[in-house]
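# Chain and residue survey
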Amino acid sequence: MVEAVLIDLFSLTANLQSNIQGLLHNTLEAIEKCSSIHAPFVYVMCCQRQGSERKGEQESLLPALRGFQSLKRRLEVVCAQSTAAALYTIKQSLDEKDLSIIKIILPTLRKDLMKVYIDHLFTAVYHFEFEDLQVAPDSESLQISEHWHEGQMLPSQDMAFIQSEIQMYLESLPSLKGELTILRSSLIPDDIFLHGFTTRTGGISYIPTLSSCNLFSSSKRRDPQIVVKENLRRLANAAGFNPEAFHRVKVDHANAVCIMGKTEPDDYDGIVTDQKGVTLAAPGADCIPVLFADPVRRACGAAHSGWKGTLLGVSMATVNAMVSEYGCNMKNILVVLGPSVGPCCYRLPHESAKEFHRIDPKCVRLFDSANPYIDIRRATRILLERGGILPENIQDDSITDQNQNITFCTACHPDKFYSHFRDGTNFGTQIGFISIKD
């Protein structure tokens, strides 16, 4: 069942005002007749002309809006100077109401154009259907590329324009939840390496569980890739790295490692390089983002270590890749464990807990319970030390330095970090990142 209807009047020019009112009245009348029991939310999207007041644009449509009592409380007029701004405003309202099934009523010649905007601003969480708004094909009535006809591919310049329009709009938005904050380790020498762990502040993501500097997009979440890209751009500006030379692991919850410069695996949870200016990153939203640095051989790495990756030894696999590829000495490699879920909060089924108990009984609390508490950080440290990493070269602030705290419990600090364990399916993601300075 359709949850929201979007009526796209954006492309209709001001000199058709009386026609617009008639179109809108007829469209709303049809919606009201079809929706007498379950009235959907209705959004009317129109263009705010340069120099005109938004309120004036809305008032010009009032004659067409009067009389629709069943829709009155669910009707919103959104006027903006660009399609990107209007759609993003409507998306915020849809997300606030947790709506996902949307019908768009629009001029036929706007359909393929609108689909490009939707591909950029929405994810697979949303479902769209389209219905034609009957508009006379007057060349002055629609603001569409004169060389394009329905059914054809949009011209490349139109595609580029849409992406540029969206990016410019997102760049203009204020940061949410405070300034962008980066946590840095005193163990990694900052004269050789650029590194840090992000928190959740300083981005533009507005959905509560994703707000505000979410750095991962998926088909199951409401943050589109272009919003994550803008958050990353802001992070890169603050941290000082090039977002075009940014490589994030392709999470598989296993132990494969990508060697930069060699064939990239389909999925991997570790990545290493000795190339300057290339930023490596590992995500975390309870799982541990682990950073590796060898100041002698000037090599670095990043790994994503959840409970499965921890048991499979992804951290030592990353270390071993640095040793074999770049001639690193195990005793020179520095390892920093980033913000992750602590043993205070993280529980696993008893069968999984057994594997951690075999590493060290102290990795498990309440072992005889159905869902014991697990310390994936301790297990990671133990496996690293057994592999040859010096204990003093491993930073885990949850046990070594409460004042210089990087290894916060993500679940315990909702103001600072995202947590899958705490927030559920539509959770945000922070990262650990590292690169070798030029």
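These notes cover the structure that comes with them. Nothing here was measured: the structure is a model prediction, and the numbers come from that model.

### So, the overall build of the protein chain
The number of helices and strands found in the protein chain is 14 helices and 18 strands. For the protein chain, with 438 residues in total, the buried portion stands at 53%. For the protein chain, the share of sequence-separated contacts (at least 6 apart) that also reach a separation of at least 24 residues comes to 70%. When the accessible surface of the protein chain is summed, it comes to about 19500 Å², and 50% of that surface belongs to carbon and sulfur atoms.

### A look at the packing of helix α6 (residues 111-121) against helix α7 (residues 156-172)
Orientation of α6 relative to α7, taken along the N-to-C sense of each, is 45°, at an axis distance of 10 Å. Overall, the two elements α6 and α7 adopt an arrangement that is oblique. Viewed along their axes, α6 and α7 form a crossing whose handedness is right-handed. Contacts from L113, V116, Y117, H120 and L121 in α6 reach M159, F161, I162, Q163, E165 and I166 in α7. For the contact of α6 with α7, the residue count by class is eight nonpolar, two polar and one charged.

### Re the environment of R378
Note on placement: R378 falls in helix α12 (residues 376-387). On the basis of relative accessible area, R378 is assigned to the partly exposed category, the value being 22%. For the pair R378 and I399, spaced 21 residues apart in sequence, the C-alpha to C-alpha distance is 9.3 Å. With near-sequence residues (within four places) excluded, R378 lies in contact with D360, K362 and C363.

### Remarks on the environment of I166
Counting through the fold element by element, I166 comes out in helix α7. Spatially, the C-alpha atoms of I166 and L121 are 8.3 Å apart, while their sequence positions differ by 45 residues. If we skip the residues at most four places from it in the chain, I166 touches A84, Y117, H120, L121 and I226.

### Re the side chain of R221
Structurally, R221 is set in the loop between β7 (193-198) and α8 (225-239). Here R221 sits buried without a salt bridge, and the closest side chain of opposite charge, D223, lies 7.8 Å off (N-O distance). For R221, the side chain forms a polar contact with the side chain of T429, separated by 3.0 Å. Excluding residues that lie within four positions of it along the chain, R221 makes contacts with T123, V125, L210, N214, F216, T425, N426, F427, G428 and T429.

### Observations concerning the pairing of β7
Along β7, six of the six residues are buried, which leaves the element largely enclosed by surrounding structure. Burial along β7 is two-sided: the face carrying F193, H195 and F197 and the face carrying L194, G196 and T198 are both buried. Of the pairings in the sheet, the one linking strand β6 (residues 182-183) to β7 comprises two bridges and is antiparallel in character. Its bridge partner being in β7, I182 is matched across the sheet by T198. Across five bridges, the pairing between β7 and strand β18 (residues 430-436) is antiparallel. Of the residues in β18, the one forming a bridge with L194 is S435.

Each value, and the rule that gives it
- Residues numbered from 1 in each chain as written.
- Predicted model: local features only at pLDDT ≥ 70, side-chain atom pairs only at ≥ 80, totals over all residues.
- Heavy atoms only, no water.
- Helix = DSSP H or I, 4+ residues; strand = E, 2+ residues; numbered from the N terminus.
- Buried < 20%, exposed > 50% of the residue type's maximum accessible area, 1.4 Å probe, protein only.
- Contact = heavy atoms within 4.5 Å.
- Areas by Shrake-Rupley, 256 points an atom, 1.4 Å probe, with all protein chains shown as cover.
- Axes fitted to C-alpha atoms, helices over the stretch in contact; angles between N-to-C directions.
- Parallel < 35°, antiparallel > 145°, perpendicular 65-115°, else oblique.
- Left-handed = near helix turned anticlockwise from the far one by under 90°.
- Nonpolar A, V, L, I, M, F, W, Y, C, P; charged D, E, K, R; others polar.
- Lys, Arg positive; Asp, Glu negative; His and termini not counted.
- Salt bridge = Lys/Arg side-chain N within 4 Å of Asp/Glu carboxyl O.
- Polar contact = N/O pair within 3.5 Å; in protein donor to acceptor, adjacent residues only side chain to side chain.
- Pairing = 2+ DSSP bridges.

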